[in-house]
Amino acid sequence: MSTPLAEVLEGQRAAELRQAARALLKRPLLLAHGPYADEFRLVRRHASQLREWFERNTGWALQVDAEAARLRKTPGRLDDPSHPAREATRTAAPFTRRRYVLLCLALSALERGEAQIALGRLAEHIIVEAADPQLAAVGVEFTLERRDERLDLAAVVRVLLDLGVLRRVAGDEEAYVSGAGDVLYDVERRVLAGLLATRRGPSTLRTTDPDERLAELTRDSALDTEEARFSAIRQHLTRCLIDDPVLYYDELSDAELAYLTKQRPFILARITELTGLVAEVRAEGIAMIDPHDDLTDVRMPEQGTHGHVTLLLAEHLAAAGGPVPVTELRHRVRELAVEHAGFWSKSAKAPGAETELVEQALAKLAALDLITRTPDGAAPRPALARYAVGATVVLEPGSRSTPARKAPRR
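Residues numbered from 1 in each chain as written. Predicted model: local features only at pLDDT ≥ 70, side-chain atom pairs only at ≥ 80, totals over all residues. Heavy atoms only, no water.

Draft legend 1. Looking closely at the packing of helix H1 (residues 5-26) against helix H12 (residues 254-275). One way to put it is that H1 packs onto H12 with a least axis distance of 7 Å and a crossing angle of 100°. Accordingly, the angle class assigned to the pair H1 and H12 is roughly perpendicular. Between H1 and H12, the contacting residues are Leu17, Arg18, Ala21, Arg22 and Leu25 on the first element and Thr272, Glu273, Leu274 and Thr275 on the second. (Axes fitted to C-alpha atoms, helices over the stretch in contact; angles between N-to-C directions. Helix = DSSP H or I, 4+ residues; strand = E, 2+ residues; numbered from the N terminus. Parallel < 35°, antiparallel > 145°, perpendicular 65-115°, else oblique. Contact = heavy atoms within 4.5 Å.)

Draft legend 2. Region of interest: the side chain of Arg27. Within the element layout of this structure, Arg27 appears in the loop between H1 and strand E1 (29-31). According to the relative accessible area criterion, Arg27 is buried, its value standing at 8%. At a separation of 2.9 Å, a polar atom in the side chain of Arg27 contacts the main-chain carbonyl oxygen of Asp162. (Buried < 20%, exposed > 50% of the residue type's maximum accessible area, 1.4 Å probe, protein only. Polar contact = N/O pair within 3.5 Å; in protein donor to acceptor, adjacent residues only side chain to side chain.)

Draft legend 3. A look at a negative patch on the surface. A cluster of acidic side chains, namely Asp79, Asp209, Asp211 and Glu212, defines a negative patch on the protein surface. Tracing the chain through its elements places Asp79 in the loop between strand E3 (68-72) and helix H4 (97-112). Residue classification places Asp79 among the exposed positions, given a relative accessible area of 63%. (Patch = residues over 30% accessible without salt bridge, like charges linked within 9 Å, V, L, I, M, F, W, Y side chains within 5 Å. Areas by Shrake-Rupley, 256 points an atom, 1.4 Å probe, with all protein chains shown as cover. Salt bridge = Lys/Arg side-chain N within 4 Å of Asp/Glu carboxyl O. Lys, Arg positive; Asp, Glu negative; His and termini not counted. Charge placed at Lys NZ, Arg CZ, Asp CG, Glu CD.)

Draft legend 4. Up close: the packing of aromatic side chains. Taken as a whole and assessed by the stated rule, the structure comprises four aromatic pairs. Both rings, one in Trp53 and one in Phe54, keep their centres 5.4 Å apart while their planes meet at 85°; by these two values the pair is edge-to-face. Accessibility assignment for this pair places Trp53 and Phe54 in one class, buried. Relative to Tyr259, the ring of Phe230 has its centre 5.8 Å away and its plane inclined at 35°; by these criteria the two rings are tilted. (Phe/Tyr/Trp six-rings, centres within 6.5 Å; stacked < 30°, edge-to-face > 60°.)

Draft legend 5. Layout of the sheet that holds strand E9 (residues 285-289). Strand order across the open sheet formed by three strands is E7-E9-E8, with antiparallel pairing between neighbours. Unpaired on one side and paired on the other, strand E7 (247-248) and strand E8 (278-281) mark the two borders of the sheet. When E8 meets E9, the two strands line up antiparallel, connected through four bridges. Its bridge partner lying in E9, Ala279 is registered against Met288. Lying over the sheet, H12 contacts E7, E8 and E9, oriented at roughly 5° with respect to E9. (Pairing = 2+ DSSP bridges.)

Draft legend 6. Quick look at helix H7 (residues 147-163). With 17 residues, H7 ought to run about 24 Å at 1.5 Å a step, and its terminal C-alpha atoms sit 24 Å apart, in line with that. In terms of burial, H7 is a largely internal element, twelve of the 17 residues being buried. Here H7 has its buried residues at Glu149, Arg150, Asp152, Leu153, Ala154, Ala155, Val156, Val157, Val159, Leu160, Leu161 and Leu163. (Expected span 1.5 Å × (residues − 1).)

Draft legend 7. Layout of unusual backbone geometry. The backbone of Leu144 shows a phi angle near 55°, a positive value even though the residue is not glycine. With respect to the secondary-structure elements, Leu144 resides in the loop between helix H6 (133-137) and H7. Assessed through its relative accessible area of 7%, Leu144 is described here as buried. One non-glycine residue, Asp293, adopts positive backbone phi at about 55°. When its relative accessible area of 31% is taken as the criterion, Asp293 is described as partly exposed.

Draft legend 8. Seen up close, the sheet that holds E3. In space, the three strands of this open sheet follow the order E1-E3-E2, with antiparallel pairing throughout. Both edges of this open sheet fall to E1 and strand E2 (61-64), since each of them pairs with a single strand only. Within the sheet, the average angular offset between the axes of one strand and its neighbour, ignoring direction, is 5°. Bridge count for E2 against E3 is four bridges, and the pairing is antiparallel. Directly across from Ala61, in E3, lies its bridge partner Arg72. Here helix H2 (residues 37-45) sits on the sheet and contacts E1, E2 and E3; the angle it forms with E1, its principal contact strand, is near 105°.

Draft legend 9. Broad picture of the pairing of E2. Taking every second residue as pointing to the same face, the buried face of E2 carries Leu62 and Val64, while none of Ala61 and Gln63 on the other face is buried. Where E2 folds back on E3, the antiparallel hairpin that results is connected by three residues.

Draft legend 10. Layout of the nonpolar core. Within the largest apolar cluster, 41 residues are counted, with the highest numbers of intra-cluster contacts made by Leu110, Leu122, Leu153, Leu160, Val165 and Leu166. Among the elements of the structure, E1, H4, helix H5 (119-129), H7, helix H8 (173-178), strand E6 (183-187) and helix H9 (189-193) are those that each provide at least two residues to this core. Beyond its immediate stretch of four places on either side in the chain, Val165 contacts Leu110, Leu160, Asp186, Val187, Glu188, Val191, Leu192 and Leu195. If you look at the next biggest cluster of nonpolar residues, it comprises 37 residues, including Ala21, Leu50, Phe54 and Val64. (Core = buried A, V, L, I, M, F, W, Y, C linked by side-chain atoms within 4.5 Å.)

Draft legend 11. Region of the structure containing the environment of Ser253. Structurally, Ser253 can be placed in the loop between E7 and H12. Sequence spacing of Ser253 and Phe230 is 23 residues, and the spatial spacing of their C-alpha atoms is 13 Å.

In short, the description is geometric, and any link to function would need to be established separately.
Below you can see the structure in the form of structure tokens.
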């Protein structure tokens, strides 16, 4: 007996809607042209339903026009530094504080600039902006005379190219860094205007404390009714479940935990229906697992020497049952380098390599909420138990939808 046409069409519509939602979670800014044009068309086709879902369940606004689709995501946690921006290359270094400041100054300069700009001219604008006494007071200054400063600016520009804010017309960033040439860009002003993802304009804030400013920029509207308070809790929980590797119960307020206890089946079902993420519920918390393994910017387990080191240190930390000093972890990596000499890269077996290997492994485990960094090492978190020796399940412990290598969490 054949499936009725209506059911087939409904199945196709649901599959398209899921594809569109996942596309937005992977890249909250999609353009009508370029490598993600197909995803943009899907989002535009289902814009009404996507807009309603995200607004109701996460509080994220979705803006779609003929040129771009912008999901204005804000993270569930504002104090997580473990997913910094990166250039769109696998080996790119994470953004430092300097690069983030440069990014903001570049956006400010582009907002005031013309439809085309040269990289050298952009650098001149940034130097003027960086002369602000408030920046100097906190030790931030730019002359862009040193190579490392020009490298930072080139990294910022490549992120803006990846986002579609800039479009390269002529030249190459490497030539600028080496002092051998310049680069010319078109400025996509409509894309630039859509980057800011805040609930209020930064210029309206009066507080100067960074944490307070961030909280004000992302704070929900007045919660003066019970319905509004419940809605805010639901949106916060959904943001955390979608955007963070693990939602630990002990990090929730009493009101949030009570709401989640009652509404958990409904919240999880809604997320799974739209995104395809599957809930893994444990005594300590919930992780949304991605069977397709593409809604994350940090993967584990992962191939290669660094991936193997991370997995083996995860086993070591899981067995420890408590904080482990970094000296012990480095010693363990030196032992492992001998044990796995035939499989690890030559550089990983060099004297002193254990320092970088341990740091990279701990950064990845912290980004996945599997450990907590301590002043002299690391302490395991409950979800790390899945990597203990003898564990029968080895799955990605979470998903994160604003690839930090793509752009700042925005």
